[in-house]
Amino acid sequence: MKLSIVVLAVLVACVTAEEPMARLVPAARLDQNWTQPFYRNLMVQDPPMNGSDVVVLQNLIARSPYCTQFDITGNYDRSTAAQVQRVQAGLKLPVTGVVDVATSAAVLAEYADDHYHDDGTIPEGYMYKVHVPVYRDRSIETTATLFAANGTVLHRFTVRTHGQNDSAGSALNMFAGDGATPTGLSLLDLNSPEPDPVSYGPYP
């Protein structure tokens, strides 16, 4: 039988006095303009621009009330540019379809937090839930809790949820290295090995 487990990660559940919720921490910059993970203008090209910055952008604007549904592909295509225009219009920015310094800063300010909050319940039909509260600085260790379907605590364990780091190894932001922002309610399959045992550990 395939075992499906509900995994919860709450982006802003754990903040310290040094990490107020109202700002991205730490505010590392490549220069005086761009804020990580953004470092270049994103625009429609042939072949399309791609990379973790594009994935971050697509995940962030997908949270915007100004967007319609679109595919998160990792490519800055015409569909993405059209959604950027909608966001720019909604945020009172110049409507260009190009993600420049001003647009990237506005998108980070408006949509970096996913506002997901665990309600403490376990959806019907699932055997377990793993709750993983995470810091904005994902290099900080946190304590995860494994719950049974009836809410009983089965195990607590220390985890570190990696984000993006600078060249010196210091945390830049809460985004995963591939550009995704995997917080909220997700499914975890424990019956299949991970493709990268170096990062995720050996499969038993």
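The structure we're discussing is the one just above.
Residues numbered from 1 in each chain as written. Predicted model: local features only at pLDDT ≥ 70, side-chain atom pairs only at ≥ 80, totals over all residues. Heavy atoms only, no water.

Quick word on the overall build of the chain
Part 1: Secondary structure assignment for the chain yields four helices and nine strands.
Part 2: Listing the helices and strands of the chain from first to last along the sequence gives β-β-α-β-α-α-β-β-β-β-β-β-α.
Part 3: Per-residue burial for the chain yields a buried fraction of 40% across its 204 residues.
Part 4: Here the chain has roughly 11400 Å² of accessible surface; of this, 52% comes from carbon and sulfur atoms. (Helix = DSSP H or I, 4+ residues; strand = E, 2+ residues; numbered from the N terminus. Buried < 20%, exposed > 50% of the residue type's maximum accessible area, 1.4 Å probe, protein only. Areas by Shrake-Rupley, 256 points an atom, 1.4 Å probe, with all protein chains shown as cover.)

Considering the pattern of salt bridges
Part 1: Scanning the model with the defined rule gives one salt bridge in all.
Part 2: Among the salt bridges present, the one from Asp53 reaches Arg40, with a minimum N-O distance of 2.7 Å. A residue pair is termed long-range when its members are at least 10 positions apart, and Asp53 in helix H1 (residues 52-61) and Arg40 in the loop between strand S1 (4-10) and strand S2 (49-50) qualify at 13 residues.
Part 3: In this structure Asp53 comes out as buried when scored by relative accessible area, which is 1%. (Salt bridge = Lys/Arg side-chain N within 4 Å of Asp/Glu carboxyl O.)

Some words on the pairing of strand S5 (residues 142-148)
Part 1: A large share of S5 lies buried, amounting to five of its seven residues.
Part 2: Taken together, the four bridges between strand S4 (residues 128-133) and S5 define a ladder with antiparallel strand orientation. Bridging across to S5, Lys129 finds its partner in Phe147.
Part 3: The hairpin formed by S5 and strand S6 (residues 153-159) contains four residues between the paired strands, and Gly151 there has a positive phi angle of roughly 95°. (Pairing = 2+ DSSP bridges.)

Section: unusual backbone geometry
Part 1: Across the junction of Asp46 and Pro47, the peptide omega takes the value 0°, indicating a cis bond.
Part 2: In this fold, Pro47 is placed in the loop between S1 and S2.
Part 3: In this structure, Lys92 takes a positive phi of about 60° despite not being glycine.
Part 4: Inspection of the secondary structure assignment puts Lys92 in the loop between helix H2 (78-90) and helix H3 (101-111).
Part 5: Judged by its relative accessible area of 74%, Lys92 is exposed.

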